[in-house]
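Analysis of the macromolecular model
Chain residues, written in single-letter form:
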Amino acid sequence: MSYSFKNSSWQARKKELKSRRQSQSRKFNNIKAQVQINNSAFNYLSIEAPPSLKPAKRYCDVTGFEAKYKDPVTQLYYCDAIVFNYIRNCPKATAEAYLNIRGCTQKLIS
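Conventions adopted
Residues numbered from 1 in each chain as written. Predicted model: local features only at pLDDT ≥ 70, side-chain atom pairs only at ≥ 80, totals over all residues. Heavy atoms only, no water. Helix = DSSP H or I, 4+ residues; strand = E, 2+ residues; numbered from the N terminus. Buried < 20%, exposed > 50% of the residue type's maximum accessible area, 1.4 Å probe, protein only. Contact = heavy atoms within 4.5 Å. Areas by Shrake-Rupley, 256 points an atom, 1.4 Å probe, with all protein chains shown as cover. pLDDT = per-residue confidence, 0-100. Salt bridge = Lys/Arg side-chain N within 4 Å of Asp/Glu carboxyl O. UniProt positions renumbered as here; feature names shortened; annotations may be inferred. Core = buried A, V, L, I, M, F, W, Y, C linked by side-chain atoms within 4.5 Å. Disulfide = S-S within 2.5 Å.

Helix and strand counts for the protein come out as three helices and two strands. Counted from the first residue to the last, the protein has its helices and strands arranged as α-β-β-α-α. Taking all 110 residues of the protein together, 16% fall into the buried category. For the protein, long-range pairs separated by at least 24 residues make up 17% of all intrachain contacts whose partners lie at least 6 apart in sequence. When the accessible surface of the protein is totalled, it reaches about 10300 Å², and 56% of it is carbon and sulfur.

Here it is, written out as structure tokens:
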């Protein structure tokens, strides 16, 4: 039985896809053979990487969570309103201690 809407010369593409996968794996094997990675040359201390294009993550100085905000008065990073309230109500010496822990040597102006 032949239908008029069907293409009589249509065939499944399984063979074409299989040959494409094989050629890709052959290309990968050729590249891998050319590179010849020496496993002893790479370790965590010797790999040099370019600087990241993404901005550095900021962490809350009080809780350690990822910080979205920075207090303009004390220069401390904070993650939510509760921590912001704590930062604003804490003594100046405590805020400077948090800054010293982070490594910031800036003195707060009262």
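Moving on from the model shown.
Averaged over all residues, the pLDDT of the protein equals 78, while 68% of them reach at least 70. Within the protein, the element-level pLDDT minimum falls on helix α1 (residues 14–35), averaging 68, and the maximum on strand β2 (residues 77–78), averaging 96.

Okay, the pattern of salt bridges next. Taken as a whole and judged by the stated rule, the model has two salt bridges. Between Asp 61 and Arg 102 there is a salt bridge, and its shortest N-O distance comes to 3.5 Å. One end of the pair, Asp 61, is in the loop between α1 and β1 (69–70); the other, Arg 102, is in helix α3 (residues 92–102), with 41 residues separating them in the sequence. Across the pair Asp 71 and Arg 88 runs a salt bridge, and its minimum N-O distance is 2.7 Å. With a gap of 17 residues between them, Asp 71 in the loop between β1 and β2 and Arg 88 in helix α2 (residues 81–89) connect regions that are remote in the sequence. Classification of Arg 88 by relative accessible area gives partly exposed; the value is 39%.

Following the UniProt record, the feature "domain: Vps72/YL1 C-terminal" (unreviewed entry) maps to residues 58–87 here. For the annotated span residues 58–87, helix accounts for 23% and strand for 13% of the residues, and the straight-line distance between the end C-alpha atoms is 16 Å.

In terms of nonpolar packing, the biggest core is built from 13 residues, with Cys 60, Leu 76, Tyr 78, Val 83, Ile 87 and Ala 95 touching the most fellow members. Secondary-structure elements contributing two or more residues to this core are β2, α2 and α3. When residues of this core are assigned to their parent elements, the largest contribution, three residues, is made by α3. For Leu 76, the residues in contact, after removing those within four places along its chain, are Asp 61, Tyr 69, Lys 70, Asp 71, Ile 87, Ala 95, Tyr 98 and Leu 99.

Under the definition given, this model contains zero disulfides. You can see Cys 79 has no disulfide; the closest cysteine sulfur is in Cys 60, sitting 4.1 Å from it. Relative accessible area serves as the criterion here: at 17%, Cys 79 is assigned to the buried category.

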